[in-house]
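Analysis of the macromolecular model
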Number of protein chains: 2
Amino acid sequence: MIILGIDPAIRCTGYGVIDIRTPDEMYILDCGVISNKPGVPHSECLRRLSGGIRELIAAFNPDCASIEDAFFGKNIKTSMILSMARGAIIAALAEAGVPVYPYAPRKAKRSTVGTGTASKTQVGAMMAVRFGISVAEIPDDATDALALALCHGQVAITAGMECLLPPPV
Amino acid sequence: MIILGIDPAIRCTGYGVIDIRTPDEMYILDCGVISNKPGVPHSECLRRLSGGIRELIAAFNPDCASIEDAFFGKNIKTSMILSMARGAIIAALAEAGVPVYPYAPRKAKRSTVGTGTASKTQVGAMMAVRFGISVAEIPDDATDALALALCHGQVAITAGMECLLPPPV
């Protein structure tokens, strides 16, 4: 089961692609960020996010995607810009027929690191251990995306890799 | 100059395509809604919005698009869902190289109907007059989209149909 984890943001969207074969055999196929420099118009940022996700789908043909759930930040404007990024990304996934499962950031951290308040460094260290790679190989902004992918993988494993999953968004 | 006006929403996105040749010669090429039934998952709604916008671009090859600007509603959740719809739509426009100009709903109504607080019915009546068609031919949910398109057309005419326009989003 190939899972694409996505931690969306207009300027820096983290992604992680993992391959879960059994509970003990899982690999990182790719991880990184889709970044947009400050000052780039939102329309161009959204175009690049959408195109980046499509490239990942073409390269890895994921069975499903796990994306950070919408949450209500302190700053409404920031939350709305983040929602635009989510919209462009989810549309690209849906167009390719990739089912999308949302997880709250705390839930993803709790189920993969053991605590919902883990720092990026802690999440990175745990991902390195879980996937047997060096922490230096994981870009900082991709750690949460890997945790999202792994979180969904654990849910899928618990469900016997069947479709006993919560309905996609 | 062909302008695609869009009044986005996850369940019912209004659109209007107008052709402005001179300040006195303007036509509605198409107007209508992209609707999603209640209960349809957001991912499917976004896929349909994105696909619908692409179909309109293919059919009318608009020079630019005018979209309702993000505004902060009373309900944060609703505002965030609306932002997702905007994100999917703006990404589809940007991918096709269509520049996107945002206008606040009040600004669009004020510049086309004369008052920022005009009702849907008033906007519809004014659009019918301006474009010389029967009000019955304009779906209710497309009136604001037509006003958005016309608002941008007026800005473009004032600027001598040149690119002396505010920068696109």
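Criteria and cut-off values
Residues numbered from 1 in each chain as written. Chains lettered and ligands numbered in written order. Predicted model: local features only at pLDDT ≥ 70, side-chain atom pairs only at ≥ 80, totals over all residues. Helix = DSSP H or I, 4+ residues; strand = E, 2+ residues; numbered from the N terminus. Contact = placed C-beta atoms within 7 Å. Least-squares fit on C-alpha atoms with pLDDT ≥ 70 in both. Buried ≥ 20, exposed ≤ 12 C-beta atoms within 10 Å, placed from the backbone. Pairing = 2+ DSSP bridges. Nonpolar A, V, L, I, M, F, W, Y, C, P; charged D, E, K, R; others polar. Axes fitted to C-alpha atoms, helices over the stretch in contact; angles between N-to-C directions. Arc of directions from axis to C-beta. Parallel < 35°, antiparallel > 145°, perpendicular 65-115°, else oblique. pLDDT = per-residue confidence, 0-100.

1. Digging into the environment of A142(A)
Residues and elements named next belong to chain A. When you line up the elements, A142 lands in the loop between α4 (120-131) and α5 (143-158). C-alpha of A142 to C-alpha of C31: the two residues are 111 residues apart in sequence and 6.1 Å apart in space. Non-local contacts of A142, meaning those with residues more than four positions away in its chain, are made with G14, Y15, G16, C31, G32 and V33.

2. Things to note about the relation of the copies chain B and chain A
Each copy superposes on the other: chain B lies on chain A with an RMSD of 0.0 Å after a rotation of 180° and an axial shift of 0.0 Å. The transformation relating the two chain copies, once decomposed into turn and shift, fits a two-fold axis. Most of the interface of chain B is mirrored in chain A, where 96% of its interface residues are also at the interface.

3. So, the pairing of strand β4 (residues 64-68) of chain B
Residue and element names in this part refer to chain B. Buried residues dominate β4, accounting for 5 of its 5 residues. Residues C64, S66 and E68 line one face of β4 and the alternating positions A65 and I67 line the opposite face, and both faces are buried. Pairing analysis gives 4 bridges linking strand β1 (residues 2-7) to β4, with the strands arranged parallel. Across the sheet, residue G5 finds its bridge partner in β4, namely S66. Both β4 and strand β5 (residues 100-103) contribute to a ladder of 4 bridges, which runs parallel. Counted as the bridge partner of I67 is P102 from β5.

4. Brief notes about the interface of chain B and chain A
Facing 27 residues of chain B, the contacting portion of chain A comprises 26 residues. If you list the elements that add at least two residues to the side of chain B that touches chain A, you get α1 (42-60) and α2 (76-95) of chain B. Examining the composition of the side of chain B that touches chain A, we find that 14 residues originate from one element, α2(B), more than from any other. Looking at side-chain class alone, the side of chain B that touches chain A contains 17 nonpolar, 6 polar and 4 charged residues.

5. Some thoughts on the sheet that holds strand β2 (residues 12-22) of chain B
Residues and elements named next belong to chain B. Strand order in the open sheet formed by 5 strands is β3-β2-β1-β4-β5, with mixed pairing between adjacent strands. For this open sheet the edge positions go to β3 (25-35) and β5, each flanked by a neighbour on one side alone. Recorded for the sheet is a direction-independent mean angle of 20° between the axes of neighbouring strands. As paired strands, β1 and β2 are joined by 6 bridges and run antiparallel to one another. Across the sheet, residue I2 finds its bridge partner in β2, namely D19. Sheet strands in contact with α2 are β1, β2, β4 and β5, and its direction is about 175° off that of β4.

6. Regarding helix α3 (residues 105-113) of chain A
Considered for burial, the residues of α3(A) that qualify are A108(A), K109(A), T112(A) and V113(A). Along α3(A), the residues classed as buried sweep out an arc of 95° about the axis, all on the same side.

7. Observations concerning the packing of helix α2 (residues 76-95) of chain A against α1(B)
Packing of α2(A) against α1(B) brings their axes to within 8 Å, and their N-to-C directions diverge by 90°. By the angle between their axes, α2(A) is roughly perpendicular relative to α1(B). Counting all contacts with α2(A), which are made through G87(A), I90(A), A91(A), L93(A), A94(A) and E95(A), the residues of α1(B) involved are H42(B), S43(B), E44(B), L46(B), R47(B) and S50(B). Here the contact of α2(A) with α1(B) is built from residues that sort into 5 nonpolar, 4 polar and 3 charged.

8. Section: the sheet that holds strand β3 (residues 25-35) of chain A
All names here are of chain A. The 5 strands are arranged β3-β2-β1-β4-β5 in an open sheet whose pairing can be described as mixed. If you trace the sheet from one side to the other, it starts and ends with β3 and β5 (100-103), each paired once. Geometrically, the sheet is characterised by an average inter-axis angle of 20° between neighbouring strands, direction not taken into account. Sheet strands touched by helix α1 (residues 42-60): β1 (2-7), β2 (12-22) and β3. Its angle to β3, the strand with the most contacts, is close to 155°.

9. Some thoughts on the confidence of the model for chain A
All names here are of chain A. Mean pLDDT over chain A: 91, with 94% of residues reaching 70 or higher. For chain A, α3 is the element with the lowest average pLDDT, namely 91, and β1 is the one with the highest, namely 98. Prediction confidence for the complex, expressed as pTM and ipTM, is 0.93 and 0.91 respectively.

10. A word on unusual backbone geometry
All names here are of chain A. Of note in this structure, N61 is not a glycine but carries a positive phi near 45°. Within the element layout of this structure, N61 appears in the loop between α1 and β4 (64-68). Using a count of 12 C-beta atoms within 10 Å as the deciding quantity, one classes N61 as exposed.

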